[in-house]
Amino acid sequence: MQYNQQEYQKYLEKKSPNSPLLKNVLFAFVIGGAICTIGQAVTDFYQTIAGLEESTARTAASITMIFFGALLTGMDVYCKIGKYAGAGTLVPITGFANSIVSPAMEFKKEGLVLGLASKMFVIAGPVLVYGITASVGVGIIYYIIRFIGG
Amino acid sequence: MQYVNAFWVGGLICAIAQVLIDKTKLTPARILVLFVVTGTVLGGLGLYDPLVRFAGAGASIPIVGFGNVLAQGVIKGVQEHGILGILTGGAEAAAGGITASIVFGFLAALIFKPKVKS
């Protein structure tokens, strides 16, 4: 359960003293790289077979990867890979889907509103808060530069 | 060649995150926040799109690429709608990913039962 913070910390403390950094990094590299390579194949599929333009194909590929991230988390496959992959399954967009489904499933028993639906955003919430706020910051700076530049 | 670049660039971004997890004990949530903000800043500076052109999904699939989408969206928003674009551009560009995450995430959590922890 890499997304429950307390459990993850406990897991880290238990494993840290003798978990070889090199092995963890190698697993993260290979599995993360593999997920991105699949993402590339999906992007190419949308571009060449479905005939979408490049940026649309990228969006469609991200959505597809999110779908499979959510599905594989539900089927308890994603967390099993994650035990070996660490950041390799965390950082790709599939990991974002995993971070939504994993706590939502776990807290489903506490109800569909304050359990499932609210826990969906335990990790996704902060990502959106800081991501969108940062984008507004970029927008303000860009607007000012454009204004000064005429 | 695009596949090779997607593999090693995507893998490298994940490897950096793994080093941060092992060496700094940053929680996964903080890593994701750090990476999405990094992507937004790099995207705003115009530094991330060249990487996407070079590595394709190796740069767009990691969460850093989501930050880049937000930044590119807000820049496009300002170009097209002026000051209002500051607020609409980012979420507009990321709308597909955000809505997909919410809907697929909701349905998956609804349909599947949590497994007993081993």
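Structural data are supplied above this passage.
Residues numbered from 1 in each chain as written. Chains lettered and ligands numbered in written order. Predicted model: local features only at pLDDT ≥ 70, side-chain atom pairs only at ≥ 80, totals over all residues. Heavy atoms only, no water.

Q: So, the nonpolar core: which residues are in play, and what are the values?
A: Note that soluble globular proteins tend to have their nonpolar side chains buried in a common cluster. Ranked by size, the top nonpolar core spans 56 residues in total, and within it Val91(A), Ile93(A), Val127(A), Phe35(B), Ile63(B) and Phe66(B) carry the most contacts. By residue number, the principal contributor to this core is helix H6 (residues 93-106) of chain A, which donates seven residues. For this core, the domains that each give at least three residues are domain 1 (5-119) and domain 2 (121-150) of chain A. Once residues lying within four places of it in the same chain are set aside, the contact partners of Val127(A) are Phe96(A), Leu32(B), Val33(B), Val36(B) and Ile63(B). (Core = buried A, V, L, I, M, F, W, Y, C linked by side-chain atoms within 4.5 Å. Buried < 20%, exposed > 50% of the residue type's maximum accessible area, 1.4 Å probe, protein only. Helix = DSSP H or I, 4+ residues; strand = E, 2+ residues; numbered from the N terminus. Domains from an automatic or database assignment. Contact = heavy atoms within 4.5 Å.)

Q: I'd love a proper account of the environment of Gly82(A), names of residues and values included.
A: All names here are of chain A. Relative to the helices and strands, Gly-82 resides in helix H4 (residues 78-85). The exposure class assigned to Gly-82 is buried, which follows from its relative accessible area of 7%. The spatial distance from the C-alpha of Gly-82 to the C-alpha of Asp-44 is 26 Å, given a sequence separation of 38 residues.

Q: Could you give an account of the pattern of salt bridges, with specific residues and numbers?
A: All names here are of chain A. Across all of its chains, the model carries three salt bridges over all chains by this definition. Among the ionic pairs, Arg-58 bridges to Glu-54, the shortest N-O distance being 2.6 Å. With Arg-58 and Glu-54 both in helix H3 (residues 54-74) and four residues apart, this pair spans about one turn of that helix. The class of Glu-54 is partly exposed, set by a relative accessible area of 39%. In this structure, Asp-76 engages Lys-80 in a salt bridge whose closest nitrogen and oxygen atoms are separated by 3.5 Å. (Salt bridge = Lys/Arg side-chain N within 4 Å of Asp/Glu carboxyl O.)

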